[in-house]
Amino acid sequence: ENVVSSMEPLVGLRLQEVQTGASEVVLGFYSSSGVLWLWIDLHALHPGLLPWTALPLRPEVQKTPLQLFLRAHFVGRVLRAVARPEALGRVVVLRFGGEEDNMELEVRLFPHGRNLLARAGVKHISWQKPKDLSAPTESTPSSQPPRSLEELRQEWLRGRNTAGGCDGVGIVLLALRVT
């Protein structure tokens with residue numbers, strides 16, 4: 001929930017850049033203070049979705065069908081809404097363009113079920129073959145308190161074997177308030 005609320009400043013920004021790698025998709029949104037990044041990590045054990053004001057790492061860029069689809073249909077479109085449907089658990093939906101465009105990215109962030117589904121009207125593609133989410137999944141409440149965005153970032157960077165983060169990486173919300 002912390003991550004989804006931190007993405008609200010991206011609403012209204014135009015998608016400018018798409019980079020894909022073996023297990024990640026990185027989206028760059030144009031703002032008056034520069035490009036703001038959304039890193040979608042599709043790692044099997046610890047998938048994540050983190051906003052950044054500067055890229056913390058260089059993604060290993062690979063041309064993929066998903067990247068080509070996103071460039072053809074999503075680049076140049078404005079992010080209209082960010083939502084996390086309660087019934088679906090760790091799923092975040094990014095809606096682009098006008099209501100009539102029916103363009104959305106669905107990011108599934110649960111281990112061993114991670115995926116990115118892109119829909120542009122009747123056309124669609126996914127990072128891997130999607131599984132049906134219609135059946136509710138059993139969920140046990142976590143005994144851990146919710147972590148802050150900064151804690152999530154530090155854990156993610158440690159998981160990537162990056163000590164201490166990098167300069168110029170800040171919280172998107174703060175970057176937008178300063179300008």
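All values reported here derive from a predicted model rather than from experimental measurement. (Residues numbered from 1 in each chain as written. Predicted model: local features only at pLDDT ≥ 70, side-chain atom pairs only at ≥ 80, totals over all residues. Heavy atoms only, no water.)

Mind showing me how you'd approach the pattern of salt bridges here?
Should their charged atoms come close, side chains of opposite charge can pair. Applying the stated criterion across every chain, the model contains seven salt bridges. Between R77 and D101 there is a salt bridge; the shortest N-O distance is 2.9 Å. Separated by 24 residues along the polypeptide, R77 in the loop between α2 (65–73) and β5 (79–83) and D101 in the loop between β6 (91–96) and β7 (103–108) bring together distant segments of the chain. Among the residues examined, R77 registers a relative accessible area of 31% and is labelled partly exposed. The exposure class assigned to D101 is partly exposed, which follows from its relative accessible area of 24%. (Salt bridge = Lys/Arg side-chain N within 4 Å of Asp/Glu carboxyl O. Helix = DSSP H or I, 4+ residues; strand = E, 2+ residues; numbered from the N terminus. Buried < 20%, exposed > 50% of the residue type's maximum accessible area, 1.4 Å probe, protein only.)

Help me out: how do you make sense of the sheet that holds strand β9 (residues 123–126) in this one?
Sheet strands line up and pair through hydrogen bonds in the backbone, either parallel or antiparallel. The five strands are arranged β5-β6-β7-β8-β9 in an open sheet whose pairing can be described as antiparallel. Of all strands in the sheet, those bounded by a partner on one side alone are β5 and β9. Averaged over all pairs of adjacent strands, the angle between their axes in this sheet comes to 15°, without regard to strand direction. Here six bridges tie β6 to β7, and the two strands are oriented antiparallel to one another. In the sheet register, V92 faces β7, and the bridge partner there is V107. (Pairing = 2+ DSSP bridges. Axes fitted to C-alpha atoms, helices over the stretch in contact; angles between N-to-C directions.)

Explain the side chain of R114 to me, please; I cannot follow it from the model alone.
By the element assignment, R114 lies in the loop between β7 and β8 (115–120). No salt bridge forms around the buried R114; measuring N to O, its nearest opposite-charge neighbour D41 is 7.5 Å away. Among the polar contacts made by the side chain of R114, one reaches the main-chain carbonyl oxygen of L42 at a distance of 2.8 Å. Those residues in contact with R114 that sit more than four places away from it in its chain are L42, H43, A44, P47, R108, W127 and Q128. (Lys, Arg positive; Asp, Glu negative; His and termini not counted. Polar contact = N/O pair within 3.5 Å; in protein donor to acceptor, adjacent residues only side chain to side chain. Contact = heavy atoms within 4.5 Å.)

Got a minute to help me understand the packing of aromatic side chains in this structure?
Each aromatic ring pair is characterised by the separation of its centres together with the angle its planes make. Inspection of every chain in the model, using the stated rule, returns three aromatic pairs. Consider the rings of F29 and F96, whose centres lie 6.3 Å apart with planes at 10°: the pair is stacked. In this pair, F29 is assigned in strand β2 (residues 24–31) and F96 in strand β6, connecting sequence segments 67 residues apart. Ring geometry for F69 against F74: centres 6.4 Å apart, planes inclined by 50°, an arrangement best described as tilted. Residue F69 is classed as buried on the basis of its relative accessible area, which comes to 12%. The class of F74 is buried, set by a relative accessible area of 0%. Here the aromatic residues F29, F69, F74 and F96 are joined through ring pairs into a cluster of three or more. (Phe/Tyr/Trp six-rings, centres within 6.5 Å; stacked < 30°, edge-to-face > 60°.)

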